[in-house]
Amino acid sequence: MDKLPIDDETCVIVLTGAGVSAESGIQTFRDSGGLWEGHDVEAVATPEGFKKDPDLVWRFYSERRKQAGQALPNLAHLKLAELGDRLGPRFLLVTQNVDALHVRAGSKRVIEMHGNLYRTRCSRKKCKRDVTVDANVYETTPLCEKCGENLRPHIVWFGENLDPTHIERIERFMQYPRPTLFLAIGTSGSVYPAAGLVRLAKQHGITSYLINKDVAENEADFDVVLRGSACDVLSEVL
Ligand code: NAD
Ligand code: ZN
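First things first, this report covers the structure right here in the doc.

## Concerning the site of ligand 1
Neighbouring residues of ligand 1: 27 residues in total, closest Gln96, Asp99, Thr187, Ser188 and Asp214. Asp99 has a polar side-chain atom sitting 2.7 Å from a nitrogen atom of ligand 1. Backbone polar atom of Lys213 to a nitrogen atom of ligand 1: 3.3 Å apart, as the coordinates give it. Protein chains bury 97% of the 860 Å² of accessible surface belonging to ligand 1 in isolation. In terms of residues, the shell around ligand 1 owes the most to one element, helix α1 (residues 18-22), which gives 4 residues. Tallied by class, residues from the shell around ligand 1 come to 8 nonpolar, 14 polar and 5 charged.

In structure tokens form, the structure reads like this:
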């Protein structure tokens, strides 16, 4: 595989998915047949699921906290951190992963578009309680110190909106008048709006690359497809 055409002018925007953390031992959706670590996604990753059984949701995310805490960033995370250091403000990393492994690998310009496992907030929208850093594990649902409502993981669940400031930041980055590459890595292209970013890139005249082990659902939208594991391919092309 040829090296990616990245020179002193090029901007790079990266979108990562669960496949990037697979080689750190964290399961993707796909590998478990549409379940997340054996759980029905409706039950553990939707607002309705949380309303129905918040304790189950907290036990699930507590397990994810423990598991991701024991995992180590892999070569793909490290290569992307290195690229970010090299490019500085010409680099933006957008991740769907909530496991915080990009930040632990040293990446700085990271948008965690689906949230972060190690943050907790109040489930009441109008509550003034801040989002807090929280690595605790819970058997039962913790309650808000300010209003008494259930606390919840700071995760964007299915059916919830993304933080609009994240979308703005992505769009602003894509509008830079420079040669820009869009790189999607380890993502099945089935969860929107993330899966639509490749089309947005195209609208801005940006060349898009997909690095993925299996065929992605939005694969036809990409200019170049590099098949393989994230660690192997990134080691070759960066
Ligand atoms: P997905 O599970 O739908 O797809 C993963 C993709 O990665 C698959 O297409 C697979 O072929 C590919 N893949 C697997 N191993 C790979 C490897 N070693 N190298 C390259 N590619 C590999 O994941 P998604 O598209 O990210 O969507 C899943 C959703 O679930 C996201 O919204 C995310 O927030 C959440 N999730 C997060 C984590 C995490 O934080 N690590 C894990 C599971 C799910
Ligand atoms: Zn509250």
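## Overview of the pairing of strand β1 (residues 11-16)
Among the 6 residues of β1, 6 are classified as buried, and the element is accordingly described as predominantly covered. Across the two faces of β1 the burial is the same, with Cys11, Ile13 and Leu15 and Val12, Val14 and Thr16 all buried. Bridging between β1 and strand β7 (residues 180-185) involves 6 bridges; their strand directions are parallel. Among the inter-strand pairings, Leu15 is bridged to a residue of β7, identified as Ala184.

## Regarding the coordination of the zinc ion (ligand 2)
Every protein donor of the zinc ion (ligand 2) is accounted for by Cys122 (SG), Cys127 (SG), Cys144 (SG) and Cys147 (SG), and the metal-donor separations fall at 2.3 to 2.4 Å. Around the zinc ion (ligand 2) sit 4 donor atoms, and with donor-metal-donor angles ranging over 100 to 114° the site reads as tetrahedral. Positions of the donor residues of the zinc ion (ligand 2), expressed as sequence spacing, correspond to C-x4-C-x16-C-x2-C. By relative accessible area, which is 12% here, Cys127 ends up buried.

## Some thoughts on the sheet that holds strand β4 (residues 115-122)
Read from one edge to the other, the open sheet built from 3 strands follows the order β5-β4-β6, with strand pairing classed as antiparallel. Each edge of the open sheet is held by one strand with a lone partner, namely β5 (132-133) and β6 (151-155). Alignment of β4 against β6, held across 4 bridges, turns out to be antiparallel. By the bridge assignment for β6, Cys122 is matched with Leu151.

## Comments concerning the sheet that holds strand β2 (residues 91-95)
Either a parallel or an antiparallel arrangement is found when strands of a sheet pair, and the pairing is made through backbone hydrogen bonds. Pairing in this open sheet of 6 strands is parallel, and the strands run β3-β2-β1-β7-β8-β9 from one edge to the other. Each edge of the open sheet is held by one strand with a lone partner, namely β3 (110-112) and β9 (224-227). When strand polarity is set aside, the average angle formed by the axes of neighbouring strands in this sheet is 15°. Here 3 bridges tie β2 to β3, and the two strands are oriented parallel to one another. Bridge assignment links Leu93 to a residue of β3, and that residue is Val110.

## Description of the side chain of Asn212
Its location among the elements puts Asn212 in strand β8 (residues 207-212). Only 3.2 Å separates the side chain of Asn212 from the backbone nitrogen of Gly186, close enough to count as a polar contact. Discounting chain neighbours no more than four positions away, the residues touching Asn212 are Ile185, Gly186, Thr187, Leu226, Arg227 and Gly228.

## Looking at the nonpolar core
Grouped together as the largest cluster of nonpolar side chains are 23 residues, with contacts concentrated most on Leu4, Ile6, Val12, Val14, Phe91, Ile185 and Leu234. Taken together, the elements giving at least two residues each to this core come down to β1, α5 (75-87), β2, β7, β8 and α9 (230-237). In terms of residue count, the dominant contributor to this core is α9 (5 residues). When residues no more than four places from it in sequence are discounted, the contact partners of Val14 are Leu80, Phe91, Leu92, Leu93, Val94, Leu183 and Ile185. Formed by 22 residues, the second largest nonpolar core is a distinct cluster that contains Val94, Met113, Phe182 and Ala184.

## Observations concerning unusual backbone geometry
The step from Tyr192 to Pro193 runs through a cis peptide bond, and the omega angle for that step is 5°. With respect to the helices, strands and loops of the structure, Pro193 is situated in the loop between β7 and α8 (197-203). A positive phi angle, close to 65°, is found at Ala100, a residue other than glycine. In this fold, Ala100 is placed in the loop between β2 and α6 (101-104).

Basis of the calculations
- Residues numbered from 1 in each chain as written.
- Chains lettered and ligands numbered in written order.
- Predicted model: local features only at pLDDT ≥ 70, side-chain atom pairs only at ≥ 80, totals over all residues.
- Heavy atoms only, no water.
- Near = heavy atom within 4 Å.
- Polar contact = N/O pair within 3.5 Å; in protein donor to acceptor, adjacent residues only side chain to side chain.
- Areas by Shrake-Rupley, 256 points an atom, 1.4 Å probe, with all protein chains shown as cover.
- Helix = DSSP H or I, 4+ residues; strand = E, 2+ residues; numbered from the N terminus.
- Nonpolar A, V, L, I, M, F, W, Y, C, P; charged D, E, K, R; others polar.
- Buried < 20%, exposed > 50% of the residue type's maximum accessible area, 1.4 Å probe, protein only.
- Pairing = 2+ DSSP bridges.
- Donors = N, O, S within 2.8 Å, 3.2 Å for Na, K, Ca; no water.
- Tetrahedral: all angles 85-135°; square planar, octahedral: opposite > 155°, others 65-115°.
- Axes fitted to C-alpha atoms, helices over the stretch in contact; angles between N-to-C directions.
- Contact = heavy atoms within 4.5 Å.
- Core = buried A, V, L, I, M, F, W, Y, C linked by side-chain atoms within 4.5 Å.

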